[in-house]
Amino acid sequence: MAPTLGIVMPVLDEAAGLAPLLQALQPLRARGAELVVVDGGSTDGTPALAAPFADQVIAAPRGRARQMNAGAAASRAPRLLFLHADTRLPADADARVARALARAPWGRFDVRIDGRSRWLPLVAALMNLRSRLTGIATGDQAIFVRRDAFDRIGGFPDQPLMEDVEISRRLRAIGRPACLRAHVVTSGRRWDAHGAWRTIRLMWRLRWRYWRGESPQSLAEAYRR
């Protein structure tokens, strides 16, 4: 029987915390979802760790966009959901996605950020509000899409940063997203490591430069620095 939902998870050296996240997805698999883990060249045993919990573990060139496109091509499902390796879905995500994609070509969840900073609830609230107003989603919000819409726009753009912003722009030309108020929970590790406001300022600067036409390659270099 064909899967009802393809969950595509790009990974790179995620062995330390991956098992509990994959275990949490097993009830969705039992109800007909397919889990495709796409490894971008891990050196810590991530593919072997993921294998017992996934329907497919495949390799792809490093880069989130390329890995997600490879996972979408490998999946047989008519609906796709792209899940970061540090993000947890609500227990009934499959049903919520099915209902949402019956009325919209694509969508995303609201996000809650799990971390130490007391500013993270405000950061998440602003992310959700901005997304609802603009129709632009971030990868942290677990973007989902009908396969026909995904194929129509050619999948994720082959770029090293802002692939979530760009695919949102392209999908928005087909239709507005379904903005679900149910929450995914994502790790606040980058905010905790670098400081909440410093991270916010960095991401806003990068977005501003992207909207002004700067190349994703130069932005990726700035992000790594």
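First things first, this report covers the structure right here in the doc. Owing to the predicted nature of the structure, the values given are computational and were not obtained by experimental measurement.

1. Observations concerning the overall build of the protein
Step number 1: Tallying secondary structure elements over the protein gives 11 helices and eight strands in all.
Step number 2: For the protein, the C-alpha radius of gyration of 16 Å lies close to 17 Å, the compact-globule estimate for 225 residues.
Step number 3: In the protein, which comprises 225 residues, the share counted as buried stands at 53%.
Step number 4: Look at the contacts in the protein between residues 6 or more apart in sequence, and 74% of them connect residues 24 or more apart.
Step number 5: Within the structure as shown, the protein displays about 10700 Å² of accessible surface, and the carbon and sulfur contribution to it stands at 53%.
Step number 6: For the protein, the distance from the average site of its 35 positive side-chain charges to the average site of its 21 negative ones is 7 Å.

2. Overview of helix α4 (residues 64-74)
Step number 1: Along α4, the positions that sit buried rather than exposed are Ala65, Gln67, Met68, Gly71 and Ala72. Across the axial projection of α4, the buried residues extend over an arc of 165 degrees, all falling on one side.
Step number 2: Tucked inside the fold, the buried residues of α4 contact β1 (5-11), β2 (33-39), β3 (56-59), β4 (79-82), α7 (147-152) and α8 (163-172).

3. Here's the deal with the sheet that holds strand β5 (residues 87-88)
Step number 1: Taking strand neighbours across the sheet as the criterion, the eight strands line up as β3-β2-β1-β4-β7-β6-β8-β5 in an open arrangement whose pairing is mixed. With one partner strand each, in any of the chains shown, β3 and β5 form the two edges of the open sheet.
Step number 2: Two strands pair when backbone bridges link them, and strand β6 (residues 106-114) and strand β8 (residues 178-187) are joined in this way by eight bridges, in the parallel orientation. By the bridge assignment for β8, Asp114 is matched with Ser187.

4. Some details on the side chain of Thr46
Step number 1: Counting through the fold element by element, Thr46 comes out in helix α3 (residues 46-50).
Step number 2: Within the structure, Thr46 has its side chain in polar contact with the backbone nitrogen of Glu14 (distance 3.0 Å).
Step number 3: Within polar-contact distance, the side chain of Thr46 engages the backbone nitrogen of Ala15 at 3.1 Å.
Step number 4: Apart from the residues within four sequence positions on either side, Thr46 is in contact with Val11, Asp13, Glu14, Ala15, Leu18 and Asp39.

Rules of the game
Starting afresh in each chain, residues are numbered from 1 along the sequence in its written order. In view of the model being predicted, local features appear only for residues whose pLDDT reaches at least 70, and side-chain atom pairs are presented and counted only at 80 or more, with totals across whole chains, interfaces and linings using the full set of residues. Only hydrogens and water are set aside when side-chain values are computed; all heavy atoms of the structure are taken into account. Only DSSP runs of H or I with at least four residues qualify as helices, and only runs of E with at least two residues qualify as strands; both kinds are numbered from the N terminus onward. Throughout, radius of gyration means the C-alpha value; the globule benchmark is 2.2 Å times the number of residues raised to the power 0.38. Relative accessibility decides the category of a residue: with a 1.4 Å probe and only protein chains considered, values under 20% of the type maximum give buried, values over 50% give exposed, and everything between is partly exposed. Should any heavy atoms of two residues lie within 4.5 Å, those residues are counted as being in contact. Accessibility throughout is a Shrake-Rupley quantity obtained with a 1.4 Å probe, and a residue counts as covered only by protein chains that appear here. The sign given to each residue is positive for Lys and Arg and negative for Asp and Glu; His and the chain ends receive no count. Note that the charge is assigned to NZ on lysines, CZ on arginines, CG on aspartates and CD on glutamates. Regarding the arc, it is the one traced by the directions from the helix axis to the C-beta atoms. The rule for pairing is simple: two strands pair if DSSP sees at least two bridges between them. Counting of polar contacts relies on pairs of N or O atoms within 3.5 Å, with two restrictions inside protein: one atom must be capable of donating a hydrogen and the other of accepting it, and residues adjacent in sequence are counted only when both atoms are side-chain atoms.

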